[in-house]
Amino acid sequence: MRTYLVTGGAGFIGSNYIHYMFKKYDNDIRIINVDVLTYAGNLENLKDIEDRDNYTFVKADICDKEAISKIFSENDIDRVVHFAAESHVDRSIRNPEVFVNTNVLGTAVMLNCAKAAWENEDGTFKEDKKFLHVSTDEVYGSLPDDDTAFFYETSPIDPHSPYSASKASSDMLVKAYIDTYHFPANITNCSNNYGPYQFPEKLIPLIINNALQGKKLPVYGDGKNVRDWLYVEDHAKAIDMVQEQGKLGERYNIGGHNEKQNIEIIEIILDTLQEMLPEGDPRKELVSRDLITYVEDRKGHDRRYAIAPDKIKEEIGWYPETMFKDGIKLTIKWFFENEDWMKNVTSGDYQKYYAEMYK
Ligand code: NAD
Ligand code: DAU
């Protein structure tokens, strides 16, 4: 039975990945989830699997060498899937330091502990041990408003925000371990995810939550920045396929083939909410295009991201399966069915963050 060490498994993508893996492998794998539970980490995301005998949660900081090496010494870890990070660009613009700490130093700790546990005396590595570093397309910087340009694995690394600079640094560290020690790792660079359990500081859940309450929908700049949206379950599947079928040492881009301007996304959400809300539901009257409010642009706002997922398709056979029109319905349905989840995550600190960010 393979044992996985998943970092950041209580966050958005990490919790979706854990659900996906138990659905796929059931009792044939064991997962240890290490998460320090920042504002973005939420054990409610894992409520339905927390009692499984083949699941363990460890509350620990990835920057804490002792805690991480203890997990490796007490368990024969076969796979590391490293999600834990500070993930929100706006927060990185306000407070970059914590991004360097978690994303760069935390990744260094993860690499060192895995290397120490997996390395043989002669510098080779034990059989069938693999580390997957989950990264972002933002490390490639920004593309012009020209839909013929794409990010490839060979595109130059050119991050702009403190968040993407910290992710690019962590990618470089993983690459250094691959190049120097032949450390058994892969890097994946993924586009914007959406789906269940996404924290409402990110565009899609924020718009759904605000629209249902008749609150303003803040659009940065001219609203024409483009992102390439990927349904989170497709991402989880890609990570598993890269780890099992990818060539060790390689980087793979993961994208949705689904480029849309932010304003288009907002309009689709409003139309889909109208379509899905039943007649007589009081929220139907609140959801309106009049809520759209153009606000000051994000500093250094990247114009366009677009992934060419050719390599992962050709080498591994993965492609994005969920069309945006279906994925957004699944996402909205999940938010309808999990109103308490939204209420819980938007109480307390979220209110303070929102008031400060959108004042
Ligand atoms: P998230 O913010 O929802 O979750 C991050 C998780 O990491 C949280 O559970 C948090 O508690 C945990 N964490 C943070 N600091 C930690 C620390 N020091 N020690 C242990 N745990 C810690 O993030 P997400 O959106 O799920 O993103 C997961 C990963 O995927 C990140 O590495 C991010 O850079 C990358 N990524 C995200 C997207 C996206 O669209 N969300 C796209 C591409 C790549
Ligand atoms: O591309 C992958 C990246 O996608 C990940 O690495 C990041 O972790 C993830 O947060 C995401 O980054 P973005 O900055 O693209 O996502 P966000 O949801 O914050 O913003 C999406 C777009 O919407 C962006 O152009 C900014 C805009 N926006 C965002 C918010 C929160 C608005 O116009 N208004 C808003 O209120």
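For clarity, every value in this text was computed on a predicted model and none was experimentally measured. (Residues numbered from 1 in each chain as written. Chains lettered and ligands numbered in written order. Predicted model: local features only at pLDDT ≥ 70, side-chain atom pairs only at ≥ 80, totals over all residues. Heavy atoms only, no water.)

A.B. asks: Explanation requested: the overall build of the protein in the structure shown.
C.D. replies: From N to C terminus, the protein includes 13 helices and 13 strands. For a compact globule of 359 residues, the expected C-alpha radius of gyration is about 21 Å, and the protein comes in at 20 Å, within 12% of that figure. Per-residue burial for the protein yields a buried fraction of 56% across its 359 residues. When the accessible surface of the protein is totalled, it reaches about 15,800 Å², and 49% of it is carbon and sulfur. Here the protein contributes 42 positively and 61 negatively charged side chains, and the mean placements of these two sets differ by 1 Å. (Helix = DSSP H or I, 4+ residues; strand = E, 2+ residues; numbered from the N terminus. Rg over C-alpha atoms; globule rule 2.2 N^0.38 Å. Buried < 20%, exposed > 50% of the residue type's maximum accessible area, 1.4 Å probe, protein only. Areas by Shrake-Rupley, 256 points an atom, 1.4 Å probe, with all protein chains shown as cover. Lys, Arg positive; Asp, Glu negative; His and termini not counted. Charge placed at Lys NZ, Arg CZ, Asp CG, Glu CD.)

A.B. asks: Can you help me understand the pairing of strand E4 (residues 79-82) in this one?
C.D. replies: Consecutive side chains of a regular strand alternate in pointing toward one face of the sheet and then the other. Side chains of E4 alternate between two faces, with Arg79 and Val81 and Val80 and His82 buried alike. The sheet contact formed by strand E1 (residues 2-7) and E4 spans 4 bridges and is parallel. Within the sheet, the bridge partner assigned to Tyr4 lies in E4 and is Arg79. Inspection of the sheet shows E4 paired to strand E5 (residues 130-136) by 4 bridges, in the parallel sense. Following the sheet pairing, His82 is matched in E5 by His133. (Pairing = 2+ DSSP bridges.)

A.B. asks: I would appreciate a short explanation of the site of ligand 2 in the present structure.
C.D. replies: Around ligand 2 there are 23 residues in total, and Asp137, Tyr163, Arg298, His301 and Tyr358 lie nearest to it. One nitrogen or oxygen atom from the side chain of Asn192 is found 2.7 Å from an oxygen atom belonging to ligand 2. In this structure, His301 approaches ligand 2 through a side-chain N or O atom, which is 2.7 Å from an oxygen atom. Burial of ligand 2 by the surrounding chains reaches 95%, relative to a free accessible area of 690 Å². The class makeup of the residues in the shell around ligand 2 is 9 nonpolar, 8 polar and 6 charged. (Near = heavy atom within 4 Å. Polar contact = N/O pair within 3.5 Å; in protein donor to acceptor, adjacent residues only side chain to side chain. Nonpolar A, V, L, I, M, F, W, Y, C, P; charged D, E, K, R; others polar.)

A.B. asks: Got a minute to help me understand the packing of aromatic side chains in this structure?
C.D. replies: Aromatic ring pairs are defined here through the distance separating the ring centres and the angle between the ring planes. Within this structure, the stated rule accounts for 25 aromatic pairs. Centroid distance Phe199 to Tyr350: 5.7 Å. Interplanar angle 80 degrees. Geometry classified as edge-to-face. With Phe199 in the loop between strand E7 (193-194) and helix H6 (203-212) and Tyr350 in helix H13 (residues 349-357), this pair connects stretches of sequence that are 151 residues apart. Over the ring of Tyr25 we find Arg2; its NZ or CZ atom is 5.6 Å from the centre of that ring. (Phe/Tyr/Trp six-rings, centres within 6.5 Å; stacked < 30°, edge-to-face > 60°. Lys NZ or Arg CZ within 6 Å of the ring centre and 35° of its normal.)

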